[in-house]
Amino acid sequence: MKKIFSGKLGIFTALASLVVLAGCSSNNAESSDASGGPEEIRLDYAYYSPTSLVLKEFGWAEEEFEEDGIDVSWTLSHGSNKALEFLNSNSVDFGSSAGAAALMSKANGAPIKNVYIYSQPEWTALVKSADSDVESVGDLKGKKVAATLGTDPYIFLLRAMEEEGLSQEDVEIVNVQHSDGATTLNNGGVDAWAGLDPHMARLEVDSGAELFYRNPDFNTYGFLNVREEFAEEHPEYVSRVIEVYEKAREWIQENPEEAAEILMEEAQIDQAVAEKQLERNDFSNPVPGAAHHEAVYEAGKILQDSDAIGADIDVEQLTDDLIDSSYAEETIEASN
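As the structure is a prediction and not an experimental result, all values here were calculated from the model.

P198 follows D197 through a cis peptide bond whose omega is 5 degrees. Turning to its location among the elements, P198 is positioned in the loop between strand 9 (192-194) and helix 8 (199-207). In this structure, N90 takes a positive phi of about 60 degrees despite not being glycine. Among the structural elements, N90 can be located in the loop between helix 4 (80-88) and strand 4 (94-98). Here the phi dihedral of D307 falls at roughly 70 degrees; this positive angle occurs in a residue that is not glycine. With respect to the helices, strands and loops of the structure, D307 is situated in the loop between helix 13 (290-305) and helix 14 (315-322). Residue classification places D307 among the partly exposed residues on the basis of a relative accessible area of 37%.

Written as structure tokens, this is what we have:
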């Protein structure tokens, strides 16, 4: 049975549980080979990150590190919360998440840095079923809303409610993973859902679900995060991972139809769903910069107001500590 969290205390407790102590994993890739490089580079892939799917599909990371004798392994992240858990527990070296979710994890002590932007998505919105009488954010008062704590859709929901003058106490937030949120909405278990693609696009296509509140500015960017320890010990390998990500990003821009097919096959969704998801992604600006800083900072202020980030934390400094553009700047400039 899924637990319903109501009020700030429940939300904060649930968020705190997302933080896993670093070093818990026995699969530690920090050991190095004789040349000083890592023995293995551990990447995540996610259906909400088409760039990672293309990279995995073509094996470009494996090709890049083959001559170095470095293995490449892949772990599926079902949401930002899972990607950040993997980073915190030293299960992956690079993890894909929304920017605001990374900030919240950083506030809870996660040793991570954002080094690359894999896309600017409009990947979340507030969703209702086709026969729902919900018309606006204000109509959510007293209703149940599904969301995955610690992810961009959850933060999107908080920002949408704050704009409308609602607080967390005005709704019942049902904490479920993204795919379960889509199913719960479709089955009538909740009145609305803070959705995430491709599940959101699938509901639109398959059941006529409606995005009743959209705001692209409340969608924080797709961050590729690296564990700080890995970056400190192997900075040149951070740059090389960015290089292969760049190869995948550029390929998507040149081959959108083929990219949709890869997403369709990997996520096991219809082509119409995959195309709708890709249409909501902008792959043009991979270097972390002022726009990304501003988007994450604004989300951080909302998180602090909702007690998800401690009142004693300097959100602007936290954002500065999270975002490191130097790797992408050097790598991409060198290739141009």
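Next comes the rest of the description.
Moving on, we get to the packing of aromatic side chains. Any two aromatic rings considered together are summarised by their centre-to-centre distance and by the angle between their planes. Summed over all chains, the structure comprises ten aromatic pairs. Ring geometry for F65 and Y237: centres 6.1 Å apart, planes at 35 degrees, overall tilted. Linking F65 in helix 3 (residues 60-66) with Y237 in helix 10 (residues 235-254), this pair joins segments that are 172 residues apart in sequence. Given the relative accessible area of 1%, F65 is considered buried. Sitting over the ring of Y45, K56 keeps its end group 4.6 Å from the ring centre.

Okay, the pairing of strand 4 next. If a strand is regular, its side chains alternate between the two faces of the sheet. Counting buried residues in strand 4 gives five out of five residues, a clear majority hidden from the surface. Burial along strand 4 is two-sided: F94, S96 and A98 facing one way and G95 and S97 facing the other are all buried. With five bridges connecting them, strand 4 and strand 11 (residues 222-227) associate as antiparallel partners. Directly across from G95, in strand 11, lies its bridge partner N225.

Time to look at a negative patch on the surface. The grouping of E57, E257, E258, E261, E265, E275 and E279 at the surface amounts to a negative patch. Of all elements in the fold, only helix 11 (256-267) and helix 12 (271-279) reach the threshold of two or more residues within the negative patch. Tallying contributions element by element places helix 11 first for the negative patch, with four residues. By secondary structure assignment, the location of E257 is in helix 11.

Counting across every chain of the model gives 15 salt bridges. Linking R42 and D93 is a salt bridge whose minimum nitrogen-to-oxygen distance equals 2.8 Å. Of the two residues, R42 is situated in strand 2 (residues 40-45) and D93 in the loop between helix 4 and strand 4; the sequence distance between them amounts to 51 residues. You can call R42 buried: its relative accessible area is 1%.

Moving on, we get to the environment of A192. Topologically, A192 is positioned in strand 9. Through-space distance from the C-alpha of A192 to that of K143 is 8.1 Å; in sequence the pair is 49 residues apart.

So, about the nonpolar core. Counting residues in each nonpolar core, the largest one holds 97 residues, and the members touching the most others are I41, F94, Y116, L126, L140, L157 and V238. Per-element accounting of this core gives the leading share, nine residues, to helix 10. What V238 contacts, discounting residues up to four positions off in sequence, is F94, V115, V226, F230, A231 and Y327.

Right, let's talk about helix 8 for a bit. Residues separated by three or four positions in an α-helix point in the same direction, a consequence of the helix having 3.6 residues per turn. Of all the residues in helix 8, the buried ones are H199, M200, A201, L203 and E204. Turning to helix 8, the residues buried within the fold contact strand 6 (126-128), helix 7 (178-186), strand 9, strand 10 (210-213) and helix 12. Just past helix 8, the residue G208 takes up positive phi, approximately 75 degrees.

Mapped onto the fold, T319 is located in helix 14. Not counting residues within four places of it along the chain, the set of residues in contact with T319 comprises L103, H293, V296 and Y297.

The next point concerns the packing of helix 10 against helix 15 (residues 326-335). Between two packed helices, both the angle of their axes relative to each other and the distance between the axes serve to describe the pair. Between helix 10 and helix 15, the least distance of the axes is 9 Å, while the angle of their chain directions is 60 degrees. Relative to helix 15, the element helix 10 lies oblique. Remark: the crossing between helix 10 and helix 15 carries right-handed chirality. Where helix 10 approaches helix 15, its residues P235, V238, S239, I242, E243 and E246 are matched on the opposing element by Y327, A328, T331 and I332. A breakdown of the residues in the contact of helix 10 with helix 15 according to their chemical character gives six nonpolar, two polar and two charged.

So, how was this worked out
- Residues numbered from 1 in each chain as written.
- Predicted model: local features only at pLDDT ≥ 70, side-chain atom pairs only at ≥ 80, totals over all residues.
- Heavy atoms only, no water.
- Helix = DSSP H or I, 4+ residues; strand = E, 2+ residues; numbered from the N terminus.
- Buried < 20%, exposed > 50% of the residue type's maximum accessible area, 1.4 Å probe, protein only.
- Phe/Tyr/Trp six-rings, centres within 6.5 Å; stacked < 30°, edge-to-face > 60°.
- Lys NZ or Arg CZ within 6 Å of the ring centre and 35° of its normal.
- Pairing = 2+ DSSP bridges.
- Patch = residues over 30% accessible without salt bridge, like charges linked within 9 Å, V, L, I, M, F, W, Y side chains within 5 Å.
- Areas by Shrake-Rupley, 256 points an atom, 1.4 Å probe, with all protein chains shown as cover.
- Salt bridge = Lys/Arg side-chain N within 4 Å of Asp/Glu carboxyl O.
- Lys, Arg positive; Asp, Glu negative; His and termini not counted.
- Charge placed at Lys NZ, Arg CZ, Asp CG, Glu CD.
- Core = buried A, V, L, I, M, F, W, Y, C linked by side-chain atoms within 4.5 Å.
- Contact = heavy atoms within 4.5 Å.
- Axes fitted to C-alpha atoms, helices over the stretch in contact; angles between N-to-C directions.
- Parallel < 35°, antiparallel > 145°, perpendicular 65-115°, else oblique.
- Left-handed = near helix turned anticlockwise from the far one by under 90°.
- Nonpolar A, V, L, I, M, F, W, Y, C, P; charged D, E, K, R; others polar.

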